[in-house]
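Remarks on the overall topology
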Amino acid sequence: MVRRDFDYIRECGKVNSTSAKPVPGILLIGGAEGKKSGEDAATQWFLKRANRGNFLVLRSGGVGRHADWICDHYRDFISSAAELSIDSREAADDPEVIEYIRQADALFIAGGDQNAYEDYWEGTAVEDAINYLINEKKIPIAGTSAGMAILGDYYYVPSHQGVHSSEILNDPFHHNTKDIYHSDFIKVPFLKNVITDTHLDRIDKNHQETRYGRLFGLLARVVHDSNRLSAFAIGLEEGAFVAIDEKGIAKVFGNGADKGQDAYFLQINGAEPEQVKRDLPVIWNNNGQAVKAYKIAGTPEGSGKFDLNNWSNASGGSWEYWFTTGGYAGFKRNPIK
């Protein structure tokens, strides 16, 4: 008996291979919006770019309910909606799997385990098919949580426990930081030299720290490992959706609430970290100006403007300095006045 290690289900519609003319775009999703107004607006922005084509959810660990939700609420935007779960490297080279992917006119990479995505898909025909969709067919692509994590040119795919802010800032080579990779997986325009992170604001019984310091620490590691200052980071709170159009201009959708809707665009402010060494706290101070971050609060209408071509043209938000004088205890975020 042939082992398949993949599941495919078409929830609605008929796969149409010729009629759609998709418009490229990127939708980065913070990870836990919960079917609210920001998600509705961002989803409509994304699906309009599919031009009534085929919507595909890609994931591991079995199919979910996202395609079914799209069918229930956005049927007029698409020809079909389906989910494909790929759960081995063998399945990731299966011609049937590749055909399902290449038919897509909009691709949504679900949350889950980004390490599984890297283990199963990197270096396979699935990787080639995803890059074909993005860079040749030029369809819109979205990623939430783990799906967003693998869209950056730099990407963090922990094979053990995900690192906490305090762990990476108190020891930038903590055991849980070893899976930081660069430029050998998914090639997304406008995310060159970018590392991403999600769930920045999440605090619950299983998550005792926010991830702002983790994003800062990951950027410090990228600068140290690459020995270059041309690196960037994008971090999202759970209710934020960053929509990047075909020209590289980003805006942010969210509920318009007082908190939980913010997106951050981080760039290095001219100086590398003063200290990135094993078993020692990160020092990246530069007189309190180590990293410049542009913060945009999402709204249902889509707010702000950030140009990913130059990382300087921005409106509708505010600039901050992020820095640490020493480890987690020394990490601060100060508005630029």
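It should be emphasised that the depicted structure is a prediction, and the values quoted were computed from it without experimental measurement.

Rules used in this analysis
Residues numbered from 1 in each chain as written. Predicted model: local features only at pLDDT ≥ 70, side-chain atom pairs only at ≥ 80, totals over all residues. Heavy atoms only, no water. Helix = DSSP H or I, 4+ residues; strand = E, 2+ residues; numbered from the N terminus. Pairing = 2+ DSSP bridges. Axes fitted to C-alpha atoms, helices over the stretch in contact; angles between N-to-C directions. Salt bridge = Lys/Arg side-chain N within 4 Å of Asp/Glu carboxyl O. Buried < 20%, exposed > 50% of the residue type's maximum accessible area, 1.4 Å probe, protein only.

1. Digging into unusual backbone geometry
Look at His199: it is not a glycine, yet its phi comes out positive at around 55°. Mapped onto the fold, His199 is located in the loop between strand S9 (194-197) and helix H8 (212-226). Although it is not a glycine, Asn286 adopts a positive phi angle of roughly 50°. When you line up the elements, Asn286 lands in the loop between strand S13 (262-268) and strand S14 (291-297).

2. Digging into the sheet that holds strand S10 (residues 232-236)
With mixed pairing, the six strands of this open sheet are ordered in space as S9-S10-S13-S14-S17-S18. Each edge of the open sheet is held by one strand with a lone partner, namely S9 and strand S18 (331-335). The sheet shows a mean angle of 25° between the axes of neighbouring strands, direction not considered. Taken together, the four bridges between S9 and S10 define a ladder with parallel strand orientation.

3. Let's talk about the pattern of salt bridges
Under the counting rule described, the total for this entry stands at 12 salt bridges. Residue Glu238 is joined to Arg202 by a salt bridge in which the shortest nitrogen-to-oxygen separation is 3.8 Å. Taken as a pair, Glu238 in the loop between S10 and strand S11 (241-244) and Arg202 in the loop between S9 and H8 lie far apart in primary sequence, 36 residues in all. Exposure class is identical for Glu238 and Arg202. Each is buried. Counted as one network, the salt bridges with shared partners bring together Asp197, Arg211 and Arg214.

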